[in-house]
Amino acid sequence: MIDRREPLEVRYGPWAVVTGASEGIGKSFAAALAQQGFHLVLVARRSHLLDALAASLAQAHGTQCDVLTADLSTAEGVAEVLDRTARHDVGLVVCAAGFGTAGRFLEGDVGEELDMLRVNCGASTALSWGFGRRFESRGRGGLILLSSIVAFQGVPRSAHYAATKSYVQTLAEGLRVEWADRGIDVLAVAPGPVATGFAGRAGLTMGRAESPEVVAAESLKALGRRGTVRPGLLAKVLGYSLAMTPRWGRIRIMAMVMRGMTKHHAA
Ligand SMILES: NC(=O)c1ccc[n+]([C@@H]2O[C@H](COP(=O)([O-])OP(=O)(O)OC[C@H]3O[C@@H](n4cnc5c(N)ncnc54)[C@H](OP(=O)(O)O)[C@@H]3O)[C@@H](O)[C@H]2O)c1
């Protein structure tokens, strides 16, 4: 029986894997988990950023960090994460690696769209399966998947990114119930806009945005208690007000929002 009052490191530890740890939300999860006493496997492509993070966490908290440079749009990259973590007793996995695209679907690059599908959905699925089996045999574990506020309806001008997030949201909801009697907690994190490298990468202009530290802190509090968290005030206000609107209405609202956020594409 899992005791929800226990510190996370005692409940799931001693090792956690964080993908997308070089920047943004993943980096904030890594910092929060190091502070809570986890040892970490930090995964992303930019090794110099991972090395710098590992050094600062070792100095601040005495964290043991393994830096794992892997491209999660490839099957080899995902397999490497599973292989190279086998020697650690991993109890918590945060799949924060991901990116978005914005603008009209037909004006985008289909190769980039398929890369996004592989990172956001393919890698999250393969890691959920691989670590889920390990968690099942050790009788406990925690899995955090990065969904989004855009996961709950179609989003014109970010149609495929929103589709990848619907996939992740649905996967997390199903696994949470399927694994509940195995001692494995699953959480979908559905943030609104967050101030990270995401907007620049997607070519979006964001107005107000939440800090990635708030996203990590609220998510870790919600793990094991809820199935989905909308971290930060902005995500709650946007999420709950949209939730009152029928799906067709939400799609139209998102079309207006995205028109504003991608206005510069037409210029
Ligand atoms: N920011 C937002 O407004 C927002 C809102 C809702 C949901 N989210 C979700 O939150 C997650 C994290 O995004 P973020 O805001 O933290 O963005 P970010 O600051 O751009 O960070 C993205 C992270 O993903 C890694 N990554 C991207 N492609 C990768 C690949 N092929 N292989 C390995 N790692 C890869 C990046 O590392 P490298 O480039 O070093 O590989 C980086 O560490 C994403 O799933 C995103 O969909 C973000």
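Residues numbered from 1 in each chain as written. Predicted model: local features only at pLDDT ≥ 70, side-chain atom pairs only at ≥ 80, totals over all residues. Heavy atoms only, no water.

1. What to know about the overall build of the protein chain
Each helix and strand in the protein chain was counted, giving eleven helices and seven strands. In terms of C-alpha radius of gyration, the protein chain reaches 18 Å, essentially the compact-globule figure of 18 Å for 267 residues. Projecting the C-alpha coordinates of the protein chain onto the three principal axes gives extents of approximately 50 × 40 × 30 Å. Within the protein chain, buried positions represent 50% of all 267 residues. By sequence separation, contacts in the protein chain at least 24 residues apart represent 70% of the contacts at least 6 residues apart. Here the protein chain displays about 12,300 Å² of accessible surface, and carbon together with sulfur accounts for 57% of that area. (Helix = DSSP H or I, 4+ residues; strand = E, 2+ residues; numbered from the N terminus. Rg over C-alpha atoms; globule rule 2.2 N^0.38 Å. Buried < 20%, exposed > 50% of the residue type's maximum accessible area, 1.4 Å probe, protein only. Contact = heavy atoms within 4.5 Å. Areas by Shrake-Rupley, 256 points an atom, 1.4 Å probe, with all protein chains shown as cover.)

2. Considerations on the pattern of salt bridges
Per the stated rule, a full pass over the model turns up nine salt bridges. We note a salt bridge from Arg 84 to Glu 80, for which the minimum N-O separation is 3.5 Å. Pair noted here: Arg 84 and Glu 80 are both in helix H4 (residues 75-84), with a separation of four residues, about one helical turn. Residue classification places Arg 84 among the partly exposed positions, given a relative accessible area of 32%. The residue Arg 118 makes a salt bridge to Asp 115 at a minimum N-O spacing of 3.1 Å. One end of the pair, Arg 118, and the other, Asp 115, are both in helix H5 (residues 110-138), three residues apart, so they sit about a helical turn from each other. The class of Arg 118 is partly exposed, set by a relative accessible area of 38%. (Salt bridge = Lys/Arg side-chain N within 4 Å of Asp/Glu carboxyl O.)

3. Side note on the sheet that holds strand S6 (residues 184-189)
The parallel open sheet is built from seven strands, whose spatial order is S3-S2-S1-S4-S5-S6-S7. Looking along the sheet, the strands with just one partner apiece sit at the ends: strand S3 (65-69) and strand S7 (228-229). Set on the sheet, H5 makes contact with strand S1 (15-19), strand S4 (90-95), strand S5 (141-146) and S6; between it and S4 the angle comes to about 160 degrees. Docked against the sheet, helix H6 (residues 159-178) engages S5, S6 and S7, running at close to 160 degrees with respect to S5. (Pairing = 2+ DSSP bridges. Axes fitted to C-alpha atoms, helices over the stretch in contact; angles between N-to-C directions.)

4. Section: the layout of surface pockets
Rolled over the atoms, a probe as big as a water molecule pinpoints where empty space is left. Within this model, the second largest pocket holds a volume of roughly 390 Å³. Together, 22 residues line the second largest pocket, and Ala 102, Gly 103, Arg 104, Glu 107 and His 265 are the ones closest to its centre. When contributions to the lining of the second largest pocket are tallied by element, the ones reaching two or more residues are H5, H6, helix H7 (198-202) and helix H11 (263-266). For the lining of the second largest pocket, the leading source of residues is H11, giving three residues. By residue class, the composition of the lining of the second largest pocket is five nonpolar, eight polar and nine charged. (1 Å grid on protein atoms, 1.4 Å probe; cavity = no way out; pocket = protein on both sides within 12 Å on 5 of 7 lines; lining within 4 Å. Points joined across faces, edges and corners; volume = space filled by probe spheres on them. Nonpolar A, V, L, I, M, F, W, Y, C, P; charged D, E, K, R; others polar.)

5. Describing the nonpolar core
In this structure, Val 17, Val 43, Leu 72, Val 81, Val 93, Phe 131 and Leu 143 are the most contacted members of the largest nonpolar core, which totals 43 residues. Residue contributions to this core peak at six residues, all from H5. When near neighbours in sequence (up to four residues on either side) are disregarded, Val 17 contacts Val 41, Val 43, Val 81, Thr 85, Val 90, Leu 92, Val 93, Val 94 and Phe 131. (Core = buried A, V, L, I, M, F, W, Y, C linked by side-chain atoms within 4.5 Å.)

6. Brief notes about the pairing of strand S2 (residues 39-44)
Taken across its six residues, S2 has five buried, putting it largely inside the fold. Note on the crossover from S1 through helix H2 (residues 24-35) to S2: the handedness is right-handed. (Right-handed = clockwise from strand over helix to strand, strands pointing away.)

7. Describing the site of the ligand
Close contacts around the ligand come from 30 residues, with Ser 22, Arg 45, Arg 46, Tyr 161 and Thr 196 the closest. At 2.8 Å from a nitrogen atom of the ligand is found a main-chain nitrogen or oxygen belonging to Leu 72. Between Lys 165 and the ligand, the recorded distance is 2.9 Å, taken from a side-chain N or O atom to an oxygen atom. For the ligand, whose accessible area on its own is 880 Å², the fraction buried by protein is 96%. Listed by contribution, the elements that provide at least two residues to the shell around the ligand are H2 and H6. Within the shell around the ligand, the residues separate by chemical class into 15 nonpolar, ten polar and five charged. (Near = heavy atom within 4 Å. Polar contact = N/O pair within 3.5 Å; in protein donor to acceptor, adjacent residues only side chain to side chain.)

8. Concerning a nonpolar patch on the surface
Where nonpolar side chains cluster on the molecular surface, the patch consists of Val 110, Leu 114 and Leu 117 and spans about 240 Å² of accessible area. Topologically, Leu 117 is positioned in helix H5. Taking relative accessible area as the criterion, Leu 117 reaches 34% and is therefore assigned partly exposed. (Patch = residues over 30% accessible without salt bridge, like charges linked within 9 Å, V, L, I, M, F, W, Y side chains within 5 Å.)

It is worth stressing that arrangement in space is one thing and function is another; only the former is reported here.
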